[in-house]
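Listed below are the residues making up each chain.
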Amino acid sequence: MGDKVNIDIERNLIVSVEQRKNFFIRPLIANIDQMIIVLSILPKADLFLVDKLLVNCYINNIVPVICINKQDIIDNDFIKNIEYQYKHSAEIIVTSTIKNLGKTSLLKVTENKISCLAGQSATGKSSILNFLLPESNAETGILSEKTKRGKHTTRHTQLYRLENNGLIADTPGFSLLEL
């Protein structure tokens, strides 16, 4: 997802694929300007995964943004801890799709950029997409009561056009990432 191609419209053929400026296997995406790393208190935030995503962003000249989602269920200590650890590494945005919090900030950082939402399953990536673009009707799931982990509702990466001339990709959640 995200490759730039040249098309022969008369023959309905892809005639060439442009060189990628960056590429990720997890999440599966290419040619992005920034990665919005979504985390929450539920499921338990995997800060080692956040660290690896940040390293991948820096290696590939991608702007990282950390989105602390589900502010409606998070205590201020959690938010302060994330801000303390990552304030020098990435812009931090706090959101709640339930309380309608953070939409303006997300639209500002995604303006005129190709962005992707990345992170663990059940952190609310698809809910954030629906928050920004209600007509996307992205399927959302719930946290497994038994494992307290996500159920992998999003199964493929898809780009959506935002009203601010940005593109945003919803990606499947994951917890394993090799550098």
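Peer 1: Which residues make up the environment of I98, and what are the values?
Peer 2: Position of I98 among the secondary structure elements: in the loop between β7 (91-94) and α3 (103-110). We classify I98 as exposed; its relative accessible area is 68%. Measuring from C-alpha to C-alpha, the distance between I98 and K70 comes to 7.7 Å, with 28 residues separating the pair along the chain.

Peer 1: Kindly report on the environment of G124, identifying the contributing residues and their values.
Peer 2: As for its position among the elements, G124 is in the loop between β8 (114-118) and α4 (125-132). Owing to a relative accessible area of 13%, G124 belongs among the buried residues under this scheme. Setting aside its immediate chain neighbours within four residues, G124 contacts N69 and K70.

Peer 1: Describe empty space enclosed by the protein, and please don't skip the residues or the numbers.
Peer 2: Where empty space is left can be seen by rolling a probe of water-molecule size over the atoms. Counted under the stated rule, the structure contains one cavity of 30 Å³ or more. Looking at the largest cavity, its volume works out to about 50 Å³. I37, V38, L39, A45, D46, L49, V50, L53, G119 and Q120 are the residues that line the largest cavity. For the lining of the largest cavity, the elements supplying multiple residues, two or more each, are β5 (34-39) and α1 (47-59).

Peer 1: Which residues make up the pairing of β7, and what are the values?
Peer 2: Walk down a regular strand and you will see the side chains alternate between the two sheet faces. In this sheet, β7 lies alongside strand β6 (residues 63-68) in parallel orientation, the contact comprising four bridges. Bridge pairing in β7 places C67 opposite I93. Between the parallel pair β6 and β7, the chain is carried across by helix α2 (residues 76-86), and the sense of this crossover is right-handed.

Peer 1: Tell me about α4, and please be specific about residues and values.
Peer 2: Of all eight residues that make up α4, six are buried, and the element is covered over most of its length. Those residues of α4 that fall on the buried side of the exposure criterion are K125, S126, I128, L129, F131 and L132. Those residues of α4 that are buried lie in contact with β5, β6, α3, β8, β9 (158-161) and β10 (167-170).

About the cut-offs
Residues numbered from 1 in each chain as written. Predicted model: local features only at pLDDT ≥ 70, side-chain atom pairs only at ≥ 80, totals over all residues. Heavy atoms only, no water. Helix = DSSP H or I, 4+ residues; strand = E, 2+ residues; numbered from the N terminus. Buried < 20%, exposed > 50% of the residue type's maximum accessible area, 1.4 Å probe, protein only. Contact = heavy atoms within 4.5 Å. 1 Å grid on protein atoms, 1.4 Å probe; cavity = no way out; pocket = protein on both sides within 12 Å on 5 of 7 lines; lining within 4 Å. Points joined across faces, edges and corners; volume = space filled by probe spheres on them. Pairing = 2+ DSSP bridges. Right-handed = clockwise from strand over helix to strand, strands pointing away.

Note that every value here comes from positions in space, so none of it alone points to a role or purpose.
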